[in-house]
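So you can see what is in the structure, the chains are spelled out below.
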Amino acid sequence: MPGTHILILGGTAEARQLAAELTELTEPTELTGLTGLTGLGGFRVTTSLAGRVSQPRLPAGEVRIGGFGGPEGLARWLREQSVDAVVDATHPFAAAISAGAAYAAAAVGVPLCALRRPGWSAGPGDCWYPAASLADAAAQLPALGRRIFLTTGRLGLAAFADLGQLRFLVRSVEPPEPPLP
Ligand SMILES: NC(=O)c1ccc[n+]([C@@H]2O[C@H](COP(=O)([O-])OP(=O)(O)OC[C@H]3O[C@@H](n4cnc5c(N)ncnc54)[C@H](OP(=O)(O)O)[C@@H]3O)[C@@H](O)[C@H]2O)c1
């Protein structure tokens, strides 16, 4: 078994891309600048998925599916699986797992790298209405228009359920469950 075990916390396209690139790397030194890891022979790449999607697109390398049982459970898993480095490549909305990864990596003493997609920034002609939360976004909508394309993901839909006077097109990986707008 190759020496360096990297855990990717996934569920994003970026995580799949990273897993594909890491599993293709044969020279660990190519990664030295990123992880600070040196002198180890090859990679074992494990991607962890939360299990929210019934038929996920599987990344290259090994895959485990399901929660760890909180930050302590993740720390235990890192020890048991002799993980050398963690890459948090989860979605920006997934705050709990990112906090858990920060705790667990520090507790076990392994390096943690957060792979973050850049946020959108306003360009010429854009018209943005910032919202502090989903509830705040829902409160702003009636004044902005009547036909809404909603891309919060299915877990955020309940915040819009009371807006019966608006028409929604919802984008969701899995069929959403009530309460729905
Ligand atoms: N939120 C979004 O809009 C969104 C969009 C696209 C993709 N995703 C992906 O879907 C997953 C779940 O998102 P979420 O917003 O429900 O996350 P979350 O609120 O941060 O996580 C809730 C719990 O789900 C488990 N979990 C989350 N991500 C995991 C992972 N990669 N591997 C193993 N367990 C994981 C953890 O359980 P334990 O505490 O038991 O370990 C975590 O405490 C994330 O991995 C994220 O990358 C989310």
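Here, residues in each chain are numbered from 1, in the same order as that chain's written sequence. pLDDT decides what is reported in this predicted model: residues at 70 or higher carry local features, side-chain atom pairs at 80 or more are listed and counted, and totals for whole chains, interfaces and linings draw on all residues regardless. Each side-chain value is worked out from all heavy atoms of the structure, with water and hydrogens disregarded.

Q: Looking at this model, I keep getting lost on the overall build of the protein. Mind explaining?
A: For the protein, the count of helices and strands is 5 helices and 7 strands. The way it works is that DSSP assigns letters per residue, a run of H or I at least four long becomes a helix, a run of E at least two long becomes a strand, and they are numbered from the N terminus. Of the regular secondary structure in the protein, the N- to C-terminal order runs β-α-α-β-β-α-β-α-β-α-β-β. Taken over the C-alpha atoms alone, the protein extends approximately 60 × 40 × 30 Å along its principal axes. By the burial criterion, 31% of the 181 residues in the protein qualify as buried. Under the scheme applied here, a residue whose accessible area is under 20% of the maximum for its type counts as buried, over 50% as exposed, and between as partly exposed, the area being computed with a 1.4 Å probe on protein chains only.

Q: How do you make sense of the domain arrangement of the protein when you look at a structure like this?
A: One frequent convention defines the size of an interface as the accessible area lost when the parts assemble. Marked domain ranges trace back to an automatic or database domain assignment. When its domains are assigned, the protein resolves into domain 1 (4–114) and domain 2 (122–181). Relative to domain 2, the C-alpha centre of domain 1 lies at a distance of 32 Å. On the domain 2 side, the residues contacting the 5 residues of domain 1 number 5 residues. Summed over both partners, the accessible area (1.4 Å probe) lost when two parts come together is defined as the buried area. The largest share of the area that domain 1 buries against domain 2 comes from Arg-52, Val-53 and Phe-93, three residues that together contribute 84% of it. Put simply, a salt bridge is a Lys or Arg side-chain nitrogen that is within 4 Å of an Asp or Glu carboxyl oxygen. Seen at the junction of domain 1 and domain 2, the total is 0 salt bridges. Polar contacts, as counted here, are pairs of nitrogen or oxygen atoms within 3.5 Å of one another; within protein the pair requires one atom able to donate a hydrogen and one able to accept it, and residues that are adjacent in sequence qualify only if both atoms are side-chain atoms. For the pair domain 1 and domain 2, the interface holds 2 residue pairs in polar contact (both at pLDDT 80 or more). All amino acids are sorted into three groups, where Ala, Val, Leu, Ile, Met, Phe, Trp, Tyr, Cys and Pro are nonpolar, Asp, Glu, Lys and Arg are charged, and the leftover types, Gly among them, are polar. A breakdown of the residues in the side of domain 1 that touches domain 2 according to their chemical character gives 2 nonpolar, 2 polar and 1 charged. For this analysis, residues touch if any pair of their heavy atoms sits within 4.5 Å.

Q: Looking at this model, I keep getting lost on the site of the ligand. Mind explaining?
A: For this description, a residue counts as near a given molecule or strand if any of its non-hydrogen atoms is within 4 Å of it. Near the ligand you find 20 residues, and of these Gly-10, Ser-48, Arg-52, Phe-68 and Gly-69 are the closest. Between the ligand and Ala-96 there is a distance of 2.9 Å, counted from an oxygen atom to a backbone nitrogen or oxygen. One of the backbone nitrogen or oxygen atoms of Ile-97 is found 2.9 Å away from an oxygen atom of the ligand. All accessible-area figures derive from a Shrake-Rupley calculation using a 1.4 Å probe, and residue coverage is judged against the displayed protein chains alone. The protein chains hide 75% of the 810 Å² of surface that the ligand would expose on its own. Contributing elements (two or more residues each) for the shell around the ligand: strand E2 (43–49) and helix H4 (95–108). No other element matches the 3 residues that H4 contributes to the shell around the ligand.

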